[in-house]
Every structure is written in structure tokens, then in C-alpha cells.
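The residues making up each chain are set out below.
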Amino acid sequence: MRMEPSPGTASPGPAPSTPAPPGAVANPGAAASPRPSDSRPSAPGPSDDLRPSGATTSRPSASGSAVSGTAMPGRAAHGAEAPGTPGTAGAPGAAGAPGLAGIPGKAAPADPPGSVGRSSATGSSPAGSSPASSSPGGSSLTGSSPAGPAHRTPATAWARARTLAEALGRSAPLAAHRLPLNRALGHVLAEAVVALTDLPSFDTSAMDGWVVAGPGPWVVEQGEGLLAGRGAVEPLPDGEALRIATGARIPADATAVIRSEHAHFDEARGLLHATRDVVPGQDIRPRGQECRSGDELLPVGTVVTPPVQGLAAAAGYDALVVVPRPRVDIFVLGDELLTSGLPREGLIRDALGPMLGPWLHALGAEVSEPRRLGDDAEALHDALVTSHADLVLTTGGTAAGPVDHVHPVLERIGAELLVDGVAVRPGHPMLLARLPANGPCLVGLPGNPLAAVSGLLTLAEPLLRGLAGRSPQSPYSAPAHEEVHGHPHDTRLVPVVHRDDKVVPLHYNGPAMLRGIAAADGLAVVPPGGVRSGTEVEILDLPWASATPWTEGCFT
């Protein structure tokens, strides 16, 4: 049962202002050198969307078999987030736009007017100077200290951050493999499903009844009639009728099938009479009615749902060539977190560990059991350099507090920081990075629960979509039932429910709250300044509130 909107803690925002349009972005590339024990292909060369064309790779499936196929197409302390930085128009700083210069032949474009500029993490360099060092194609981490970077740069615009995340996923595609039909659920097709035969492959009866030839009345042949699963039968002479079961093969020269309830059998005379007009071809499924051999039934990028499995089986498939589900490691940071019992003595329950695994699984990922690392920089370092996942999620530690270790550890291992803060509330201190030596992508989520959800939907969801070869989601909007307050400079994500073709914002939507999102159908993307009642607002669906993507384990 859905929670109705109720008074809560949301406070009105400042007066509306004009939102900044997102900038056009080139896609980030992936590191070139392969990672040990992982046969994922290295990044392709430059292209419009970084989707490789014709690159053949393989990676063993869960069962150990593999097939050659086409490579398919981030914590603030548990308290208030750091104040936002107003966006400024202008070109990127010395390091260029995050993740763009790392693509061979791709120059980092300047941000369009009104968008948020990005520079290195040490701040923009004075004219004629350059940072001491910078990671290729991403933000420099030079100047950071154990407490985090010395200077923070303007946050990446929300829409741009999502574009970068999805492009990063598509630049590091997973190798296709073949899975049996019963194990392909929730995966994405790496090869189109093409009809291997006509469907149906022979004329069949659509109903139980009588198959007749010519005009009636018809002489009924004695016997059990025609049943499904039997082989070819003799042609049916004009004036004769046979009992027939649904799915049975139609004999040659038959005119129609008469349903049992539309026929009268005169047993004494052995004659069958129709009680309604008989139309030639009625209740017969002709060969090839659904498709002809060679027809494309399902294109590359289709998510394997139960009906897809059924159609593939009907078309003669025993296995499908699919993109593996991206593998995700979750590292939970924070010494203040409890795994059971009531909060006590400055300790709080970990809400993210139990939530993120099922959420990511619903997004189509294979998720390892969350690992709780505490506030231990060495433990985080060791976990990152030994991960063989496709994506690492960290919770907490992304700000600049005394025990926020994510930035220093990323600098230590030479990671490329692509997004360092996003102009969105909640969730501003999220980050996106790429680990060296073709290592996994990393999304650093803030430690506050709703802020972490914001990071999940802003960075992790589009990144996973890219890795898994899923088609881009078609955005949709709905009118706001009432005024929704916005942030003066940043995008705001607000839990909503659908009511009578409108969306109603839910209260209890502070960064540390889950009460609103637990009752929500989705999140409204509220531009800077907010929206008035009746204004169309973009909606991000939650995976269990939407028909797609369908994955095993979805809460439907």
C-alpha cells in the first residue's frame, strides 16, 4: 500500500531562477591495458558513441563455456552535505573536461553557455601555469591531503554526469557469451534472435472442433480424429469432416475448422451440420502466420524477459547469445555503522548495505555480498586493487573530512577521476572514477541514504546500462500536482508517487531519509528554481515500479 503524502521536513527553497542547460559531451574512453584474470576487451577507438563495431571477443560464462560474439554495444559524513557551488559558464580548466581527453582523437569541448565548467581538482591554474600533475583525460588529484583535495571545483551538471557515466560504460563493453534459455533471464541480447523456421511451421487448428472440406453437410469419418503432436495426415476429400484438437496439423485440401460449439453432429445419419456460416480458413493458423524463416524477431539490445524466452523457444532456440550481467562489488565505509540492533551511543544502522545489493540486482547486475571496511584507508586500498568486478560502489568517504579516504586512495592508485561532485541535491559529493590498468569503474556514493540513492540513479544506473548493452531509456515527463521547491543552482531529485496522471511530491526527502523513497514510484528531476503546479517534470522510474528493465529478482 502506498504512503500518502504527509507533512514532513521539506523546506521551501529560494526564489526560482533559470536552469542551466546541460552541455554536449563526448564519451570517455577506457584504459588500454588488460587486467589480469579478466578477458574483457580493452577500450575501442574513437567513434560517435564508443560502441565497438565487429570486435569479436569472448569471456567464459558462469558455466565455463564461452562463445565468440560481438562486443556490445560514489561519503559525506552522516550529516548535512557540503554547501553547493554555483555553476559558472566557461571553458574547462587545465585538465580539460573530465574523461574526454583520454579518448584518442577526441578534444575536450568547451561547455556551452550556462553550463557548469570543470577543471582539475586543484582548481583552475593561472594563465601560463599548469598543475603539477594530472590524470590523463580526467580531473587531477594533485594537491589532495589525507583530508581530501585541497580545492574543490565546480560540480558537474546532473544531466552531463549521467551522460558521462553511460558513455563510460559503453566504452568498456562486456564480452558476449552463450547462455541456455533458462539462465538468460534479465540479460541483454548480443545477437539478434532470427526465426529459424516459419511460425507456425505447418497449418494448425486454432480450436477444438471439426475440420471440414468443401460445402456441408459433411460425412464424419470414424476414429479418434486428429490430435496435436501427430505427423502428416492424408488429404481430406470434399464433403468429409474429422474431429480435430487445438494445435493438430490441418490435412491438405481442408476448408475450415468449425468449433465444437458451432456444430451439430447427427449421429444417426453420420452427418455434421454447421450452426453458423462457415468462412474458408476460419480457426486455422496458417503456416508462417507469425513469422517466416529468417525474419528478425528480436534485435540486439533487447532485455530477455519471460516472453522473450518463450518466443525464442518457439522459434527453435535452446540458448541465446547475451551480454553478461555486470559484476558489482560494494564496499561500505564508516566506523559508525551497525549491522544489527538499535542505534546507540553515536552508532547508527547501516541502511545502504541491505539496500544496494537488491537494487543493483534489479538493475541487471550480479552483486557480491557487501564488504564493510570501516574508516580504514589501507583496507579500502587493498579492496580496490584486488577487485575483479566491472563496477565498484563505495558508500561514504567522498567528502573532505578527516576520515574521508576515497579521494586520497584513488590518487594513490592512479585512478582517473571523471566526475568529482554533481550539481544535484541530495547527493552532491558523489564521484565517478576509472581505476588504472583496465580496472573496474568506480562510483563513490555519499553516506547519507537518500543522497546515496541519488548517486545510484545519477551515475551507477546509466553506467550499468552502458556496460550491459541496454538501450538508452526514453525520458518521460508528468505534470506536478503541486509546486515543488528547487535548489537555487542545482538539480533536485524528489521522491514522487503517481496520482491521476500527475506526480505528487513526497515529504521526508532529506539527504539522510529513506521514508519518502520507500513509498515512491520514482524521482522527479526538479530543475534549479523549482517547478510550479501543473508543470511537466522529468521522472526517473524505480526498477520495481516499471515494466522494464525486467530482471530476475525484480520486486514486481
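See the structure shown above.
Residues numbered from 1 in each chain as written. Predicted model: local features only at pLDDT ≥ 70, side-chain atom pairs only at ≥ 80, totals over all residues. Heavy atoms only, no water.

Novice: What am I meant to see in the sheet that holds strand 16 (residues 319–323) here?
Specialist: Paired through backbone hydrogen bonds, the strands of a sheet run either parallel or antiparallel to each other. Across the sheet, three strands lie side by side as 4-16-5; this open sheet has antiparallel pairing. The two strands at the open ends of the sheet, each matched to only one other strand, are strand 4 (177–180) and strand 5 (188–189). Inspection of the sheet shows strand 4 paired to strand 16 by four bridges, in the antiparallel sense. When the sheet's bridge partners are listed, L179 is paired in strand 16 with L320. (Pairing = 2+ DSSP bridges. Helix = DSSP H or I, 4+ residues; strand = E, 2+ residues; numbered from the N terminus.)

Novice: Got a minute to help me understand the sheet that holds strand 10 (residues 240–244) in this structure?
Specialist: Spatial ordering of the open sheet is given by 11-8-10-9-13-12, a layout of six strands whose pairing is mixed. A single partner strand is all that each edge strand has here, and the edge strands are strand 11 (256–259) and strand 12 (263–266). Neighbouring strand axes in the sheet, compared pairwise and without regard to direction, differ in orientation by 35 degrees on average. Pairing of strand 9 (residues 218–220) with strand 13 (residues 271–274), which is carried by two bridges, proceeds in the antiparallel orientation. (Axes fitted to C-alpha atoms, helices over the stretch in contact; angles between N-to-C directions.)

Novice: Teacher, can you tell me more about the pairing of strand 10 here?
Specialist: Moving residue by residue along a regular strand, the side chains alternate between the two faces of the sheet. Bridging between strand 8 (residues 209–212) and strand 10 involves four bridges; their strand directions are antiparallel. By the bridge assignment for strand 10, V211 is matched with L242. Summarising the sheet, strand 9 and strand 10 pair through two bridges and their orientation is parallel. Counterpart to V219 in the pairing with strand 10 is E240.

Novice: Can you walk me through the packing of helix 1 (residues 158–171) against helix 6 (residues 449–467) in this structure?
Specialist: The packing of two helices is summarised by the inter-axis angle and the distance between the axes. Interaxial distance between helix 1 and helix 6 falls to 7 Å at its minimum, and their mutual angle equals 30 degrees. Between helix 1 and helix 6, the crossing angle belongs to the class labelled roughly parallel. Crossing geometry of helix 1 relative to helix 6 is assigned as right-handed. Facing W158, A161, R162, A165, E166, L168, G169 and R170 of helix 1, the residues of helix 6 in contact are L457, T458, L459, E461, P462, L463, R465, G466 and L467. Split into classes, the residues belonging to the contact of helix 1 with helix 6 amount to nine nonpolar, three polar and five charged. (Parallel < 35°, antiparallel > 145°, perpendicular 65-115°, else oblique. Left-handed = near helix turned anticlockwise from the far one by under 90°. Contact = heavy atoms within 4.5 Å. Nonpolar A, V, L, I, M, F, W, Y, C, P; charged D, E, K, R; others polar.)

Novice: Please explain the environment of R349 as it appears in this structure.
Specialist: Structurally, R349 can be placed in strand 19 (residues 348–349). Taking relative accessible area as the criterion, R349 reaches 38% and is therefore assigned partly exposed. In sequence terms R349 and L337 are 12 residues apart; their C-alpha atoms lie 5.4 Å from each other. Sequence-distant contacts of R349, defined by excluding residues within four places in its chain, comprise L337, L338, T339, S340, G341 and P343. Polar contacts involving the side chain of R349 include one to the main-chain carbonyl oxygen of G341, which spans 3.0 Å. (Buried < 20%, exposed > 50% of the residue type's maximum accessible area, 1.4 Å probe, protein only. Polar contact = N/O pair within 3.5 Å; in protein donor to acceptor, adjacent residues only side chain to side chain.)

Novice: Just checking my understanding: could you explain the packing of helix 4 (residues 377–386) against helix 5 (residues 406–413) for this structure?
Specialist: Look at helix 4 against helix 5: their axes get within 10 Å of each other, and the N-to-C directions meet at 50 degrees. Classified by the angle their axes make, helix 4 and helix 5 are oblique. Note on packing geometry: the crossing formed by helix 4 with helix 5 is right-handed. Here A377, E378, L380, H381, L384 and V385 of helix 4 lie close against helix 5, whose contacting residues are V406, V409, L410, R412 and I413. Of the residues belonging to the contact of helix 4 with helix 5, the class tally is eight nonpolar, one polar and two charged.

Novice: How should I be thinking about the side chain of H405 in this particular structure?
Specialist: Inspection of the secondary structure puts H405 in the loop between strand 22 (391–395) and helix 5. When residues no more than four places from it in sequence are discounted, the contact partners of H405 are D375, D376, A377, L380 and G397.

Novice: Please clarify how helix 3 (residues 352–362) should be interpreted in this entry.
Specialist: At 3.6 residues per turn, the α-helix brings residues three or four places apart onto the same side. The buried count for helix 3 comes to eight of 11 residues, which makes it a mostly enclosed element. Looking only at helix 3, the buried set comprises L352, G353, M355, L356, G357, W359, L360 and A362. Looking one or two residues past helix 3, G364 carries a phi angle of roughly 95 degrees, positive in sign.

Novice: Help me understand the pairing of strand 29 (residues 502–505) in this model?
Specialist: By the bridge criterion, four bridges tie strand 28 (residues 491–499) to strand 29 in an arrangement that is antiparallel. Among the inter-strand pairings, H498 is bridged to a residue of strand 29, identified as V503. Joining the antiparallel neighbours strand 28 and strand 29 is a turn of two residues, in which D500 adopts a positive phi near 55 degrees.

Novice: Quick question: what am I supposed to make of the pattern of salt bridges here?
Specialist: Side-chain pairing between opposite charges can occur once the charged atoms of the two side chains come close. The final tally for this structure, using the stated rule, is 15 salt bridges. Close ionic contact of R170 with E166 constitutes a salt bridge, the shortest N to O distance being 2.8 Å. With R170 and E166 both in helix 1, this residue pair falls four residues apart, about one helical turn. You can call R170 buried: its relative accessible area is 6%. Taken together, the shared-partner salt bridges in this structure form one network comprising R162, E166, R170, E461 and R465. (Salt bridge = Lys/Arg side-chain N within 4 Å of Asp/Glu carboxyl O.)

Novice: Is there a simple way to think about unusual backbone geometry in this case?
Specialist: Following G216, the chain continues into P217 via a peptide bond in cis, with omega recorded as -5 degrees. With respect to the element layout, P217 can be found in the loop between strand 8 and strand 9. Within the chain, A437 stands out as a residue other than glycine whose phi angle is a positive 55 degrees. You will see that Y508, though not glycine, has its phi angle at about 55 degrees, which is positive. Topologically, Y508 is positioned in the loop between strand 29 and helix 7 (515–518).

Novice: I would appreciate a short explanation of the side chain of E461 in the present structure.
Specialist: The topology assignment puts E461 in helix 6. Take E461: its relative accessible area is 10%, and that puts it in the buried class. Leaving out residues up to four positions away in the same chain, E461 has contacts with R162, L363, L456 and Q473.

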